[in-house]
Structure formats: structure tokens, C-alpha cells
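Read off the chains here:
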Amino acid sequence: MALLFTLGLNTAVTAQDGASAAIETTITSQITALAADDFPKAFGFASPAIKGIFGSPAKFGAMVQRGYPMVYRPGAVRMLGLRDIDGRLWQRIMVTDLAGATHMLDYNMIETPDGWQINAVQLLPDSGVGA
């Protein structure tokens, strides 16, 4: 019985590892599109739920500019860990803004017929710990 559990765990870890590169590419591609003011392209990386909430690339872009300026104009982006929390995948990233401040964000990712898409972004509270 322990062997079956171990095999199942390894399969889950392998599937998550396989998704990691694609998830990182999706997030990086969206940030690159935002930095180029290509809101239609950036909007394409959003999940159907996010697209439904904002309705248009212009409204989505305005929300990012106001609510996530460190993502809109990052100085540096570093991918951290991909975690499964209650069956949902969360990619943590660290963004250093143009002023040198560090921000931690969690991206909730979903797999759709169009590939991995961003379903939510949470700006994490400042923990007071430097990078």
C-alpha cells in the first residue's frame, strides 16, 4: 500500500514539474506584453473568468496599471515556487519595481484548452523580509 501511495505522489510531482515551465512562460509572456502596452496580448493570458470580469483588454490594462504597477512596469521578475493548495496551482513570483522595492505575488493558474491561463493574482502583504 505504501508503494502505491509513493507512486501516486511521484506522478503528481512529475505532472506539477511538467506544468511549471509552461506556467512560468505564461506569466512571463503576460508581463512582457504589459510592459509593451500590448493589452490585447496580455488579456489573452487571462482565464475566461478574468476576461468575463473585465470584458475588454483596455479595462484589463487599466486595472493592472492602477492595481499592479509593479507588474505593469517591473524592474526584475523572479519565479519562485509552484504550489498545489487544495487542488489549485499557485505560482509565487518576486517582482522588484523600478524604485527597487520588492513585491511578492501569487498567481493562481488554470489549464484550459488554450493552455495555462492566469485565474487570479494576489499581492502578498509585506513580510518585512528582504530578498
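Residues numbered from 1 in each chain as written. Predicted model: local features only at pLDDT ≥ 70, side-chain atom pairs only at ≥ 80, totals over all residues. Heavy atoms only, no water.

(A) Representation of the sheet that holds strand S2 (residues 88-97) within the structure. Overall, antiparallel pairing links the four strands, which are arranged S1-S2-S3-S4 in an open sheet. Edge positions in the open sheet fall to strand S1 (74-85) and strand S4 (115-123), since each of these has one partner strand only. Put simply, the sheet's adjacent strands are angled 30° from each other on average, direction ignored. Bridge count between S2 and strand S3 (residues 102-112): eight bridges; the pairing is antiparallel. Each residue of the ladder has a partner; that of Thr96, found in S3, is Thr102. (Pairing = 2+ DSSP bridges. Helix = DSSP H or I, 4+ residues; strand = E, 2+ residues; numbered from the N terminus. Axes fitted to C-alpha atoms, helices over the stretch in contact; angles between N-to-C directions.)

(B) The arrangement of the pattern of salt bridges in detail. Under the defined criterion, the tally for this structure stands at three salt bridges. With a shortest N-O distance of 3.1 Å, Asp37 and Arg73 are connected by a salt bridge. Of this pair, Asp37 sits in the loop between helix H1 (2-35) and helix H2 (39-43) while Arg73 sits in the loop between helix H5 (69-72) and S1; the two residues are 36 residues apart in sequence, bridging distant segments of the chain. One salt bridge connects Arg92 with Asp106, and the closest N-O pair in it is separated by 2.9 Å. A residue pair is termed long-range when its members are at least 10 positions apart, and Arg92 in strand S2 and Asp106 in strand S3 qualify at 14 residues. One network of salt bridges, in which partners are shared, links Arg83, Arg92 and Asp106. (Salt bridge = Lys/Arg side-chain N within 4 Å of Asp/Glu carboxyl O.)

(C) Just the environment of Ile31, in detail. Relative to the helices and strands, Ile31 is located in helix H1. On the accessibility criterion, Ile31 (6% relative accessible area) is buried. Each C-alpha atom of the pair Ile31 and Ala42 lies 7.3 Å from the other, and the pair is 11 residues apart in sequence. In this structure, Ile31 is in contact with Val71, Pro74, Val77, Ile93 and Tyr107, ignoring residues within four places of it in sequence. (Buried < 20%, exposed > 50% of the residue type's maximum accessible area, 1.4 Å probe, protein only. Contact = heavy atoms within 4.5 Å.)

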